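Chain by chain, the residues run as shown.
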Amino acid sequence: LKLSGSRVPEIRDLGTSFGRVQVLWLCRCGLVELDGIGSMPLLQELYLSFNELKDLSALMVLEELAVVDLEGNCVQDYKEVETLSLLSLR
């Protein structure tokens, strides 16, 4: 599902209709948080470049996640990135 360039300030705004999505593009969408990402448990690839994300902890529930792109976000604490090592990222 490609929604890059759309105005999606929160993933929760997408609702639970996309629970079977495996690849999601939300680049340059003005995202400020990842609350609601858990409603997409089958996500394998997540592209979130150039948003306003600081907190990545919501990604920890995505057991199938293998690829995540966070380029150009506002992650300032390295510990946020370090916790991603607990996932099975490629």
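For the structure itself, look to the data block above.
Anyway, here's the lowdown on the structure attached to this text. Fair warning: this is a prediction, and the values are worked out from it, not measured in the lab.

**Focus on the overall build of the protein chain**
Here comes step 1: Looking only at helices and strands, the protein chain has one helix and three strands in total.
Here comes step 2: Taken over the C-alpha trace, the protein chain has a radius of gyration of 12 Å; the compact-globule value for 90 residues is 12 Å, and the two agree within 12%.
Here comes step 3: Considered along the principal axes of its C-alpha atoms, the protein chain spans approximately 30 × 25 × 20 Å.
Here comes step 4: Across the protein chain, every contact between residues at least 6 apart in sequence was considered, and the portion connecting residues at least 24 apart equals 20%.
Here comes step 5: Between the mean site of the 8 positive side-chain charges and the mean site of the 14 negative ones, the protein chain shows a separation of 5 Å.

**Notes on the environment of Lys-2**
Here comes step 1: Structurally, the position occupied by Lys-2 is in the segment before strand E1 (23–25).
Here comes step 2: Taking the C-alpha atoms as reference points, Lys-2 and Cys-27, separated by 25 residues in sequence, lie 8.8 Å from one another.

**Considering the pattern of salt bridges**
Here comes step 1: Across all of its chains, the model carries one salt bridge by this definition.
Here comes step 2: For Arg-12, the salt bridge identified is with Asp-35, shortest N-O distance 4.0 Å. Of this pair, Arg-12 sits in the segment before E1 while Asp-35 sits in the loop between E1 and strand E2 (45–47), and the two are 23 residues apart along the sequence.

**Here we look at the packing of aromatic side chains**
Here comes step 1: A full pass over the atoms with the stated rule returns one aromatic pair.
Here comes step 2: Seen in terms of ring centroids, Trp-25 and Tyr-47 are 3.9 Å apart; in terms of plane orientation they differ by 15°. Their pairing is stacked. Here Tyr-47 lies in strand E2 and Trp-25 lies in strand E1, a separation of 22 residues in the sequence.
Here comes step 3: Accessibility expressed as a relative area gives 14% for Tyr-47, which makes it buried.
Here comes step 4: Just above the ring of Trp-25 sits the side chain of Lys-2; from NZ or CZ to the centre is 4.8 Å.

**Topic: unusual backbone geometry**
Here comes step 1: Backbone geometry at Arg-28 places phi at a positive 55°, although glycine is not the residue there.
Here comes step 2: Residue placement: Arg-28 occurs in the loop between E1 and E2.
Here comes step 3: A positive phi angle is found at Phe-50, which is not glycine, with a value near 60°.
Here comes step 4: Looking at the secondary structure, you find Phe-50 in the loop between E2 and strand E3 (67–69).
Here comes step 5: Assessed through its relative accessible area of 33%, Phe-50 is described here as partly exposed.

Basis of the calculations
- Sequence order sets the numbering: in each chain, residues are counted from 1 along the sequence as written.
- Per-residue local features are limited, in this predicted model, to residues with pLDDT of at least 70; the limit for side-chain atom pairs, both in listing and counting, is 80 or more; totals at the level of whole chains, interfaces and linings are taken over all residues.
- The side-chain values count all of the structure's non-hydrogen atoms but skip hydrogen atoms and water molecules.
- Numbering of helices and strands runs from the N terminus; a helix is a DSSP stretch of H or I covering at least four residues, while a strand is a stretch of E covering at least two.
- For the radius of gyration, the atom set is restricted to C-alpha positions; the globular benchmark scales as 2.2 Å times the number of residues to the power 0.38.
- What makes two residues a contact is simply this: any of their non-hydrogen atoms within 4.5 Å.
- Positive charges are assigned to Lys and Arg, negative charges to Asp and Glu, while His and the chain termini are left out of the count.
- The location of each charge is read from NZ of Lys, CZ of Arg, CG of Asp or CD of Glu.
- Counted as salt bridges are all cases of a side-chain nitrogen of Lys or Arg within 4 Å of a carboxyl oxygen of Asp or Glu.
- Stacked, tilted and edge-to-face pairs are distinguished by plane angle, under 30 degrees for stacked and over 60 for edge-to-face with tilted covering the rest, among Phe, Tyr and Trp rings (Trp via its six-membered ring) whose centres lie within 6.5 Å.
- When a residue's accessible area, from a 1.4 Å probe over protein chains only, is under 20% of the maximum for its type it is buried; when over 50% it is exposed; and in between it is partly exposed.
- By the criterion adopted, a ring carries a charge over it if an Arg CZ or a Lys NZ lies within 6 Å of its centre and within 35 degrees of its normal.

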